[in-house]
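Survey of secondary and tertiary structure
Letter by letter, the chains look like this.
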Amino acid sequence: MAEPENDIWFDFAIVGGGMVGMGCALAMAQAGLSVLLLEAQAEDAFAVSAASFDDRTLVVNPASMSFWRDLGIWQKLEDQVVPIEYVHVSNQGHFGVVNFSASSFGLSELGAVVGAKDLAQVLWQAVNAHESITTKTSAQLNNFETNQNGVQLSVQHNNQALTFNAAVMVAADGARSAVREQLSLTSEVKSYKRTALVCNVLFDKRHQGCAFERLTQSGPLALLPFHQGRCGLVWSVESDQAQQLLELDEQDFISALQQQLSFRMGRLTQLGRRSSYPIYQVKVPNQIAQSVVLMGNAAHAVSPVSAQGLNLAVRGIRRLVNIMGEAHLKGQCLSDMKLLMRYQSDSEEDQKATLNYTDDLMTWFQINSPLVNGMRSVGLLTADAVPAIKNYLFERAGGLKT
């Protein structure tokens with residue numbers, strides 16, 4: 001692919017080449033728009049590597065599966081995904097269980113689990129193969145200026161200063177977005193004083209396509225079915241406790257985790273490399289500025305236990321592409337602020353409901369009192385017994401109710 005030259009014009013400039021940035025770039029290009037994709041990491045960060053027991057997992061809900069399929073991405077991952085056929089939700093130490101099965105909804109799967117590395121590599125290959133996308137790795141956005149006609153970006157690349165122009169800039173540069181900071185767009189950060197412990201584990205029983213979520217006093221604990229019988233673990237614990245757990249030797253950590261899970265999934269036999277990160281929520285009430293829109297974690301960050309972060313971002317990408325693709329076909333100016341205002345307005349309800357849902361998981365379920373414990377258990381029993389409630393919960397988690 002030819003290198004871009006100074007002062008070339010693009011319909012969209014996307015800052016951040018993660019999965020949100022790449023997904024947005026590919027969707028925009030397939031809608032007939034020209035795209036510049038800027039990524040700070042070097043190109044070798046996307047190199048194909050061998051599968052590992054420690055590969056990080058992602059939950060892809062039905063709405064996101066449809067999005068990736070429409071882009072031609074999901075078809076290339078068919079041998080690398082694990083379908084979720086069942087979901088089991090329980091309340092630690094108390095009665096009440098909710099079971100979801102794909103067959104009860106007339107489906108073959110409730111969602112799927114894919115390696116984050118696998119999805120990223122397939123996306124990278126598709127992005128670089130598309131003639132309407134120009135990619136620049138090892139590219140640092142130094143500054144940008146906006147006006148009613150678009151945005152001008154000053155970029156440092158290989159010790160060379162480059163300038164690019166675009167009708168709209170998409171900031172997909174993460175929860176600590178530098179673009180958001182330069183625009184002085186206010187963010188509301190809520191710390192849960194919890195840390196997510198993440199690793200892959202193996203049981204002596206096969207997971208049989210079942211995703212397991214246990215509601216504990218420290219927060220939710222999730223197990224995601226993956227290849228060769230292993231599961232991806234996301235364990236929410238108090239931050240003070242997290243370091244203690246990380247310092248345990250392998251057998252002591254397995255014992256502590258087994259105590260949380262009981263033996264419903266079997267006996268733990270293998271533990272992968274452990275990592276951790278703080279859990280917090282980020283809300284950005286205003287996600288647009290003249291010729292700029294925030295996407296993904298730059299616009300909203302949620303608890304990883306709910307598996308809603310990337311799925312919420314995907315719905316935002318589809319929404320933005322629909323608006324901008326339609327405007328492009330009509331010959332409208334893409335930098336028209338009314339288009340971005342429409343995107344934010346159309347996104348508000350979905351984002352609010354999803355952030356509230358994930359917040360409830362991190363707060364309501366960690367209150368330890370007899371009354372609240374009883375209410376939780378009754379709520380789980382009711383949800384399991386009433387099809388309408390179960391259907392609502394599935395549609396919300398599956399991105400089908402937006």
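Use the structure listed above.
Nothing here was measured: the structure is a model prediction, and the numbers come from that model. (Residues numbered from 1 in each chain as written. Predicted model: local features only at pLDDT ≥ 70, side-chain atom pairs only at ≥ 80, totals over all residues. Heavy atoms only, no water.)

1. A closer look at the overall build of the protein chain
Condition: Where helices and strands are cited, they refer to DSSP runs of H or I of at least four residues and of E of at least two residues respectively, numbered from the N terminus. Buried, partly exposed and exposed residues are distinguished by accessible area as a fraction of the type maximum, computed with a 1.4 Å probe on protein chains only: under 20%, between the cut-offs, and over 50%, respectively. The contact criterion used throughout is that any non-hydrogen atoms of two residues lie within 4.5 Å. Only the protein chains shown count as cover for residues, and the accessible areas themselves come from Shrake-Rupley with a 1.4 Å probe.
Secondary structure summary: the protein chain contains 10 helices and 20 strands in total. Each of the 402 residues in the protein chain was classed as buried or not, and the buried ones make up 53%. Considering only residue pairs separated by 6 or more positions, the protein chain has 72% of its internal contacts joining residues 24 or more positions apart. Summing over all exposed atoms, the protein chain offers an accessible surface of approximately 17800 Å²; the carbon and sulfur share of this is 48%.

2. Comments concerning the pairing of strand β1 (residues 8–15)
Note the following rule: We call two strands paired when DSSP finds no fewer than two bridges between them. The handedness rule is simple: strands pointing away from the viewer, and a clockwise path from the first strand over the helix to the second, make the crossover right-handed.
Most of β1 sits inside the fold, with six of its eight residues counted as buried. Bridge analysis of β1 against strand β11 (residues 160–171) gives seven bridges, and the strand direction is parallel. The partner of F12 across the bridge, within β11, is V168. Sheet topology places β1 next to strand β2 (residues 35–38); four bridges connect them, and they run parallel. Its bridge partner being in β2, I14 is matched across the sheet by L37. Handedness of the crossover joining β1 and β2 through helix α1 (residues 19–30): right-handed.

3. A short note on the pattern of salt bridges
Rule in force here: What counts as a salt bridge is simple: a side-chain nitrogen of Lys or Arg found within 4 Å of a carboxyl oxygen of Asp or Glu.
Going through the model one piece at a time under the given rule, you end up with eight salt bridges. In this structure, D359 and K190 form a salt bridge, with 2.8 Å as the shortest nitrogen-oxygen distance. In this pair, D359 is assigned in helix α8 (residues 337–363) and K190 in strand β12 (residues 188–203), connecting sequence segments 169 residues apart. In this structure, E326 and R342 form a salt bridge, with 3.7 Å as the shortest nitrogen-oxygen distance. With E326 in helix α7 (residues 309–329) and R342 in helix α8, this pair connects stretches of sequence that are 16 residues apart.

4. Some remarks on unusual backbone geometry
Phi at N159 takes a positive value of approximately 65°, unusual for a residue other than glycine. According to the relative accessible area criterion, N159 is exposed, its value standing at 77%. At Q228, a residue that is not glycine, the phi angle is positive and equals roughly 50°. Tracing the sequence through the fold places Q228 in the loop between β14 (219–225) and β15 (230–238).

5. Brief notes about the packing of aromatic side chains
Defined as follows: The rule is short: rings of Phe, Tyr and Trp, with Trp giving its six-membered ring, pair when the centres are within 6.5 Å, and they are stacked under 30 degrees, edge-to-face over 60, tilted in between. When the NZ atom of lysine or the CZ atom of arginine is within 6 Å of a ring's centre and also within 35 degrees of its normal, the charge is said to sit over that ring.
Inspection of every chain in the model, using the stated rule, returns four aromatic pairs. On the numbers, 5.7 Å between centres and 65° between planes, the contact of W235 with F253 is edge-to-face. Residue W235 is found in strand β15, and its partner F253 is found in helix α6 (residues 250–261); the two are separated by 18 residues along the sequence. With respect to burial, W235 and F253 carry one shared label: buried. Stacked on the ring of F253, the Lys or Arg R274 has its end atom at 4.6 Å from the ring centre.

6. Here we look at α6
Rules: Working rule for helices: expected span equals 1.5 Å times residues minus one. Taken from the helix axis, the directions to the C-beta atoms give the arc we talk about.
In a regular helix each residue adds 1.5 Å, so 12 residues correspond to 16 Å; α6 covers 16 Å between its end C-alpha atoms and thus fits that length. F253, I254, L257, Q258, Q260 and L261 are the residues of α6 that are buried. Projected onto a plane normal to the axis of α6, the buried residues spread over an arc of 155° and lie on a single side. Summarising the geometry of α6, the exposed residues directed more than 90 degrees from the buried face are Q251 and Q259. Next to the buried residues of α6 lie β12, β13 (210–216), β14, β15, α5 (239–247) and β16 (268–271). At the exit of α6 stands S262, carrying a positive phi of roughly 60°.

7. A word on the sheet that holds strand β4 (residues 81–84)
For the record, the criterion: Working convention: axes come from line fits to C-alpha atoms, limited for helices to the stretch in contact. Angles between N-to-C directions cover 0 to 180 degrees.
One open sheet accounts for three strands, arranged β3-β7-β4; its pairing is antiparallel. Looking at strand neighbours, the two that pair on one side only are β3 (57–60) and β4, the edges of this open sheet. Strand-to-strand, the axes of this sheet are offset by a mean angle of 25°, without reference to chain direction. The sheet contact formed by β4 and strand β7 (residues 111–115) spans four bridges and is antiparallel. Considered in β7, the bridge of V81 is made with V114.

8. Points about the packing of α7 against α8
Stated formally: Each angle receives one of four descriptions, namely roughly parallel if under 35 degrees, roughly antiparallel if over 145, roughly perpendicular if within 65 to 115, and oblique otherwise. For any helix crossing, the convention is left-handed if the near helix is rotated counterclockwise from the far helix by under a right angle, and right-handed if that rotation is clockwise. Charged means Asp, Glu, Lys or Arg here, nonpolar means Ala, Val, Leu, Ile, Met, Phe, Trp, Tyr, Cys or Pro, and polar covers whatever is left, Gly included.
Taken N-terminus to C-terminus, the directions of α7 and α8 make an angle of 160°; their axes are 10 Å apart at the nearest point. Here α7 is positioned roughly antiparallel relative to α8, judged by the angle of their axes. For the crossing formed where α7 meets α8, the hand is right-handed. Along its contact with α7, which presents L312, R315, G316, R319, L320, I323, M324, E326 and A327, the element α8 presents L339, L340, R342, Y343, D346, S347, D350, Q351, T354 and L355. The residue inventory of the contact of α7 with α8, partitioned by class, reads nine nonpolar, four polar and six charged.

9. Focus: the nonpolar core
Note the following rule: Residue types Ala, Val, Leu, Ile, Met, Phe, Trp, Tyr and Cys, when buried and joined through side-chain atoms within 4.5 Å, form a set referred to as a nonpolar core.
Within the largest apolar cluster, 56 residues are counted, with the highest numbers of intra-cluster contacts made by M28, W68, I73, L119, V293, L320 and M324. L119 has contacts with M19, L58, W68, I73, L77 and L310, leaving out every residue within four places of it along the chain.

Without other data, these values stay purely geometric and don't point to any function.
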